[in-house]
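Residues per chain are reported as follows:
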Amino acid sequence: MEGEKNMEKGLLLAKKEETANTTPLLIFSTFIIVSASFTFGAAIGYTADTMSSIMSDLDLSLAQFSLFGSLSTFGGMIGAIFSAKAAAAFGHKMTLWVADLFCITGWLAIALAKNIIWLDMGRFLVGIGVGLISYVVPVYIAEITPKHVRGAFTFSNQLLQNCGVAVVYYFGNFLSWRTLAIIGSIPCWIQVIGLFFIPESPRWLAKKGRDKECEDVLQKLRGRRYDIVPEACEIKISVEASKQNSNINIRSLFKKRYAHQLTIGIGLMLLQQLCGTAGISSYGSTLFKLAGFPARIGMMVLSLIVVPKSLMGLILVDRWGRRPLLMTSAFGLCLSCITLAVAFGVKDVPGIGKITPIFCFIGILSFTMMFAIGMGALPWIIMSEIFPMDIKVLAGSLVTIANWFTGWIANYGFNFMLVWSPSGTFIISAIICGATIVFTWCLVPETRRLTLEEIQLSFVNV
C-alpha cells in the first residue's frame, strides 16, 4: 500500500506534461514490432481458403484438418504460458527473436510438408510463435508510446494482423497453400533484422535498474526537446511500487484488490474468442460454399475490406475511446450473427431459401468489418493497459492463456458445430456478442488519454 501512496503522490507532484512528439524512432519501432503481427494474421486466415486443397493433396479427413486448424491456437496457448515471463526476464526484443524463430521454422515445415506429421508440427510451432507475439507486441507498444496516441499505435497490431489475413484471403484464390506458408514467414525475417535497430521498453529497463538507459531511450522516443522528467518520474515510482509487491504469486492475483482488472482481462478475451470469429476467420470459404455463395468472390471481397476497416478502428480508438468503440463493435457483431443465423435457418425453406447466399455474404462481410474496427484489437489494448507492473507478468500470462485456450476449443469445435446446426451456431454467437455489450457497459473503464500509471491509480481509488 505504501508504494501505491507514493505513486499517487508522485503523480500529483509531477507537472503537467506537454504533448509528446511522434518521433521517427517511435514510428519505426512500432512498425518493426507489429511486422510479426502479419504472421499472426496469416496464421489466423491460413485455413480459410486452403482447406480443400490441403485435404486433397495430403488425403486428410475433416477431423484431421480440424485438428490441423486448431493446432495454432493450442500452440498459442503453450507460447502464452511463457510469453509474459520471458518478456519480463529477457526483454521484449529477445522474446520476439525467439518467437520469430518458432514462426519461421513452423511456416517452412508447413511449406515443405509431405505428410500430416510435418503439417501439424509446423502449425504447432507457428502457434507457439504467435502465442509469444500476442502478449509482447501490445505490451511493448503500450509501454513506448505517449498517452495521446497509445490507442492508435497499439491498434496497429490489429491492422497488421488484418493485413496478414487479407493477403492469405486474396492470394489463397491463386497461389498454392505451400506458397502461402512462405509468404507468412516473410515479415518475421524483416523483424529479425529490424530488432537490432530499435530500443528496449523504457519501463522494462527501469524495472531492471537501468535508469540511465531508461531515460536515454525515453528521450529518443519522445524527441530531443521534450521534457521527459515527469514521465520518467512516474515510471520510477511505478517500478518502486511494484518492487514492494514483488512477492506476488498466482494466488495473489485472486485477491480483491486485483479482482476488477482480472475480471476485465479474462472476460474480454473469452468473449472475443466465443463471439464467432474463430469460425468465420478460419473457415470463411467453407461457410460461403455451405450457403451456396461463390467462395472465390467472397474471399476476394473480404480481403479488400478488412484492412480499410482496421484503419477506421485505428483512427477512432483515440477519438471515441475504448468503451464506445468496443460496444459499437459488439453490437455490429451481434447483428451480423443474427443475419447469418437467419440465412442458414431458411436455407431449406421453399421460396425463401434463395436469400441464403446473399444473407450469408452480408453477414460474413459485416462481421469481418465490425470485428476489425473494435473487438479484434481492443481486448489486447485494454489488457496491455490495465495491469500494474507487479502483477503484469502473471496476469498477462493468465489472460493470454485464457484467450488461446478458448480459441483452441472454438476453432476445433467449429466444423462440428456447423454439422450440428449452422443456424444454432450463430444464434449462440449472437447471444455472446450481446453479453459483450453488457459486460463492457458494467465493468470496462475508459483508459483513453491516461498514462499507464494514471490508469493504475484509477483502480486504486475505486
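Since the model is a prediction, treat every value here as computed from it, not as a measurement. (Residues numbered from 1 in each chain as written. Predicted model: local features only at pLDDT ≥ 70, side-chain atom pairs only at ≥ 80, totals over all residues. Heavy atoms only, no water.)

*Asks:* Explain the overall build of the protein chain to me, and be specific about the residues and the numbers.
*Replies:* The number of helices and strands found in the protein chain is 20 helices and 0 strands. Here the C-alpha radius of gyration of the protein chain, 22 Å, is about what a compact globule of 462 residues would show, namely 23 Å. The C-alpha extent of the protein chain, read off along each of the three principal axes, is 70 × 45 × 40 Å. Scored against the burial criterion, the 462 residues of the protein chain give a buried share of 61%. For the protein chain, contacts bridging at least 24 residues in sequence account for 85% of all contacts bridging at least 6. (Helix = DSSP H or I, 4+ residues; strand = E, 2+ residues; numbered from the N terminus. Rg over C-alpha atoms; globule rule 2.2 N^0.38 Å. Buried < 20%, exposed > 50% of the residue type's maximum accessible area, 1.4 Å probe, protein only. Contact = heavy atoms within 4.5 Å.)

*Asks:* Tell me about the side chain of Thr440, and please be specific about residues and values.
*Replies:* Checked against the element boundaries, Thr440 lands in helix H19 (residues 422–443). Leaving out residues up to four positions away in the same chain, Thr440 has contacts with Leu268, Arg323, Leu326 and Met327.

*Asks:* Kindly report on helix H18 (residues 392–420), identifying the contributing residues and their values.
*Replies:* In this model, H18 (29 residues) spans 40 Å end to end at C-alpha, consistent with the 42 Å of a helix rising 1.5 Å per residue. The largest bend in H18 amounts to roughly 45° and is located at Phe414. (Expected span 1.5 Å × (residues − 1). Bend = angle between axes of the 7 residues up to and from the residue.)

*Asks:* Any details on a nonpolar patch on the surface? Residues and values, ideally.
*Replies:* On the surface, a cluster of nonpolar side chains totalling about 730 Å² of accessible area is made up of Phe28, Phe31, Ile186, Ile190, Ile193, Phe196 and Phe197. Elements supplying a minimum of two residues to the nonpolar patch: helix H2 (24–45) and helix H8 (177–194). Ranked by residues supplied to the nonpolar patch, first place goes to H8 with 3 residues. Within the fold, Ile190 resides in helix H8. Owing to a relative accessible area of 40%, Ile190 belongs among the partly exposed residues under this scheme. (Patch = residues over 30% accessible without salt bridge, like charges linked within 9 Å, V, L, I, M, F, W, Y side chains within 5 Å. Areas by Shrake-Rupley, 256 points an atom, 1.4 Å probe, with all protein chains shown as cover. Salt bridge = Lys/Arg side-chain N within 4 Å of Asp/Glu carboxyl O.)

*Asks:* Which residues make up the side chain of Ser397, and what are the values?
*Replies:* Mapped onto the elements, Ser397 comes out in helix H18. What makes Ser397 buried here is its relative accessible area of 7%.

*Asks:* An account of the packing of aromatic side chains is needed here, citing residue identities and associated values.
*Replies:* In this structure the tally under the stated criterion is 17 aromatic pairs. With 6.3 Å between their ring centres and 70° between their planes, Phe414 and Phe426 make a pair best called edge-to-face. Residue Phe414 is found in helix H18, and its partner Phe426 is found in helix H19; the two are separated by 12 residues along the sequence. With respect to class, Phe414 is no different from Phe426; both count as buried. A cation over a ring is seen here: Arg123 above Phe68, with NZ or CZ 5.3 Å from the ring centre. When the ring centre of Trp441 is taken as origin, the NZ or CZ atom of Arg323, which lies over that ring, is 5.5 Å away. (Phe/Tyr/Trp six-rings, centres within 6.5 Å; stacked < 30°, edge-to-face > 60°. Lys NZ or Arg CZ within 6 Å of the ring centre and 35° of its normal.)

*Asks:* I'd love a proper account of unusual backbone geometry, names of residues and values included.
*Replies:* The phi dihedral of Asp59 is positive, around 55°, even though this residue is not glycine. Note that Asp59 resides in the loop between helix H3 (51–58) and helix H4 (62–90).

*Asks:* Mind laying out the nonpolar core, listing which residues take part and the relevant values?
*Replies:* In this structure, Tyr46, Ile54, Trp107, Leu119, Phe288 and Phe426 are the most contacted members of the largest nonpolar core, which totals 132 residues. Looking at this core element by element, the count peaks at 12 residues for helix H6 (residues 116–144). (Core = buried A, V, L, I, M, F, W, Y, C linked by side-chain atoms within 4.5 Å.)

*Asks:* Mind laying out the packing of helix H17 (residues 378–386) against H18, listing which residues take part and the relevant values?
*Replies:* As a packed pair, H17 and H18 sit with axes 10 Å apart at the nearest point and diverge in direction by 165°. On the basis of the axis angle, H17 is roughly antiparallel to H18. The hand of the H17/H18 crossing is right-handed. Facing H17, whose interface residues are Trp380, Met383 and Ser384, H18 presents Lys392, Val399, Thr400, Asn403 and Trp404. Tallied by class, residues from the contact of H17 with H18 come to 4 nonpolar, 3 polar and 1 charged. (Axes fitted to C-alpha atoms, helices over the stretch in contact; angles between N-to-C directions. Parallel < 35°, antiparallel > 145°, perpendicular 65-115°, else oblique. Left-handed = near helix turned anticlockwise from the far one by under 90°. Nonpolar A, V, L, I, M, F, W, Y, C, P; charged D, E, K, R; others polar.)

*Asks:* Explain the packing of helix H7 (residues 150–171) against helix H14 (residues 295–316) residue by residue, including any values.
*Replies:* The description of two packed helices rests on the angle between their axes and on the distance between the axes. Where H7 meets H14, the axes come as close as 8 Å, and the angle between the chain directions of the two elements is 175°. When the axis of H7 is compared with that of H14, the two are roughly antiparallel. Where H7 abuts H14, its residues Ala152, Phe155, Ser156, Gln158, Leu159, Asn162, Cys163, Ala166, Tyr169 and Tyr170 lie against Met299, Met300, Leu302, Ser303, Val306, Val307, Ser310, Leu311, Gly313 and Leu314.

Remember that the coordinates give geometry; whether it matters functionally is a separate question.
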